[in-house]
Amino acid sequence: MRARVFVTLKPSVFDPQGKTVTDALHTLGYAAVKDVRQGKYFELDVDAPGAEEARRLVSAAADKLLSNPVIESYRVEIVDEATR
Amino acid sequence: MTFAVIVFPGSNCDHDAHYATTHVLGQRAEYVWHKDTSLGSADVVILPGGFAYGDYLRTGAIARFSPIMAEVRRFAEAGGPVLGICNGFQVLLEAGLLPGAMLRNRSVQFRCEHVVVRVEHADTSFTLACAPGQRLRMPIAHGEGNYYAEPDVVARLERNRQVIFRYTNADGEPTDEANPNGSVNNIAGLCNEGRNVLGLMPHPERACELALGSADGLILFESVMRAVSGREGRMRVAVFDK
């Protein structure tokens, strides 16, 4: 089972890197880009009997290690091997 | 008196901490590898600066799960003094031994310079010898020292007098220009509710000799030496009372 985890800073948390990227894009002429928030993306290969078990396991891993709940939130996607 | 200096893969101020406590202060210090499970007979634990686990994932995020950290937690919960310097502070935050988290510096630059911090409270294990309001000049060297916590957490820290060091200008005013990283309320260091665990971004161990540009950092180590001898005194009295 393949899982994807997207970790992003909470909306209330200032993102200095995202701000710098936004400024750079404006310098390049992309005035239409109003804001950039930078995050992290993980792909996990998980040995689990089903999608629900995989989601539970990956969520626990994201709570414990992949994200810091003080500043970040995350979203988990489970990708079935058969449909990949 | 014995200092334990925890060594993570990627620590690089462990030798500075060892040097300051042994060579400058004449105490005993022992390196404790992060995979060890005992702090030996340590009176004080130092989590040194550096880049534990290469700062992979987040600063301190992987180091907090090192085997020795369970022992550091026990030591801290028993009232033992724990000092987290720079990366050590970040480890304490990730471990939940101190509240909050670190963000990338507001400037997105790695800042390496001397700063001035104001001692807010002298009733912690590491500031006993300070006068409240005293200014200390110490170096910083970090890319992620932008302290953040939810507003209610910051309010609680202020109310509980847990903000111990604040970045200020030379006159002791916590201005925005004096804030090198964007930390909320110019917070440079804070302690736990028990006032025995302290984390700070500046490096006191690199400011222990005038040849290094400042000896202001010595007072943190002198404070904890006083705190430990006072604690031992109290423990002896307690034994005697029985």
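Keep in mind it's a predicted model, so treat the numbers as computed, not measured. (Residues numbered from 1 in each chain as written. Chains lettered and ligands numbered in written order. Predicted model: local features only at pLDDT ≥ 70, side-chain atom pairs only at ≥ 80, totals over all residues.)

### Describing the overall build of chain A
Here comes step 1: Within chain A one finds 2 helices and 3 strands.
Here comes step 2: Taken from the N to the C terminus, the helices and strands of chain A come in the order β-α-β-α-β.
Here comes step 3: Relative to its length of 84 residues, chain A is extended, with a C-alpha radius of gyration of 16 Å against a globular reference of 12 Å.
Here comes step 4: Here chain A, with 84 residues, has 14% of them falling under the buried criterion. (Helix = DSSP H or I, 4+ residues; strand = E, 2+ residues; numbered from the N terminus. Rg over C-alpha atoms; globule rule 2.2 N^0.38 Å. Buried ≥ 20, exposed ≤ 12 C-beta atoms within 10 Å, placed from the backbone.)

### Topic: the interface of chain A and chain B
Here comes step 1: Opposite the 9 residues of chain A that make contact, chain B presents 12 residues.
Here comes step 2: With 3 residues, helix α1 (residues 16–27) of chain A is the largest single contributor of residues to the side of chain A that touches chain B.
Here comes step 3: Class assignment for the residues of the side of chain A that touches chain B results in 6 nonpolar, 3 polar and no charged. (Contact = placed C-beta atoms within 7 Å. Nonpolar A, V, L, I, M, F, W, Y, C, P; charged D, E, K, R; others polar.)

### Re the sheet that holds strand β7 (residues 135–142) of chain B
Residue and element names in this part refer to chain B.
Here comes step 1: Spatial ordering of the open sheet is given by β2-β1-β3-β4-β11-β10-β9-β6-β7, a layout of 9 strands whose pairing is mixed. In the strand order of this sheet, the two ends are held by β2 (28–33) and β7, each with one partner. Pairs of neighbouring strands in the sheet enclose a mean axial angle of 25°, with direction left out of account.
Here comes step 2: Where strand β4 (residues 82–85) and strand β11 (residues 197–200) come together, 4 bridges link them in parallel fashion. Bridge assignment links I85 to a residue of β11, and that residue is L200. (Pairing = 2+ DSSP bridges. Axes fitted to C-alpha atoms, helices over the stretch in contact; angles between N-to-C directions.)

### Remarks on the nonpolar core
Here comes step 1: Among the nonpolar cores identified, the biggest contains 79 residues, and B:A4, B:V5, B:I6, B:V45, B:I46 and B:L92 are the most heavily contacted of them.
Here comes step 2: Ranked by the residues each element gives to this core, the list is headed by helix α5 (residues 218–241) of chain B, at 6 residues.
Here comes step 3: Not counting residues within four places of it along the chain, the set of residues in contact with B:V5 comprises B:D14, B:A17, B:H18, B:A29, B:Y31, B:V32, B:I46 and B:P48.
Here comes step 4: A:M1, A:A54, A:A62 and A:L66 belong to the second largest nonpolar core, which has 6 residues in total. (Core = buried A, V, L, I, M, F, W, Y, C linked by C-beta atoms within 7 Å.)

### Describing helix α2 (residues 68–77) of chain B
Residues and elements named next belong to chain B.
Here comes step 1: Looking at α2, one finds that the buried residues are I68, M69, E71, V72, F75 and A76. For α2, the arc enclosing every buried residue in end-on projection is 155°, short of the 170-degree limit, so these residues lie on one face. Every exposed residue of α2 that faces more than 90 degrees away from the buried side is listed here: A70 and R74.
Here comes step 2: Where the residues of α2 are buried, they touch β1 (2–7), β2, β3 (44–47), β4 and β11.
Here comes step 3: Immediately beyond the C-terminal end of α2, within one or two residues, lies G79, with a positive phi of roughly 95°. (Arc of directions from axis to C-beta.)

### Some points on the sheet that holds strand β3 (residues 72–79) of chain A
Across a sheet, strands are paired by hydrogen bonds formed along the backbone, either parallel or antiparallel in direction.
Residues and elements named next belong to chain A.
Here comes step 1: The 3 strands lie next to each other as β2-β1-β3, forming an open sheet whose pairing is antiparallel. Edge positions in the open sheet fall to β2 (39–45) and β3, since each of these has one partner strand only. On average, each strand axis in the sheet is tilted by 20° relative to the strand beside it, whichever way the strands run.
Here comes step 2: Both strand β1 (residues 2–9) and β2 contribute to a ladder of 7 bridges, which runs antiparallel. Paired with A3 across the two strands is L44, which belongs to β2.

### Side note on the environment of B:G189
All names here are of chain B.
Here comes step 1: Relative to the helices and strands, G189 is located in strand β10 (residues 187–191).
Here comes step 2: In this structure the C-alpha to C-alpha distance between G189 and L103, which are 86 residues apart in sequence, comes to 15 Å.
Here comes step 3: Not counting residues up to four positions away in its chain, the partners in contact with G189 are I164, F165, L198, G199, L200 and M201.

### Some thoughts on unusual backbone geometry
Residues and elements named next belong to chain B.
Here comes step 1: Within the chain, D55 stands out as a residue other than glycine whose phi angle is a positive 60°.
Here comes step 2: Tracing the backbone shows D55 in the loop between β3 and α2.
Here comes step 3: Since 18 C-beta atoms lie within 10 Å of it, D55 is described here as partly exposed.

### Description of helix α1 (residues 14–24) of chain B
Here comes step 1: Along α1(B), the residues that are buried comprise B:D14, B:D16, B:A17, B:A20 and B:T21.
Here comes step 2: After α1(B) finishes, the residue B:G26 shows a positive phi value of roughly 70°.

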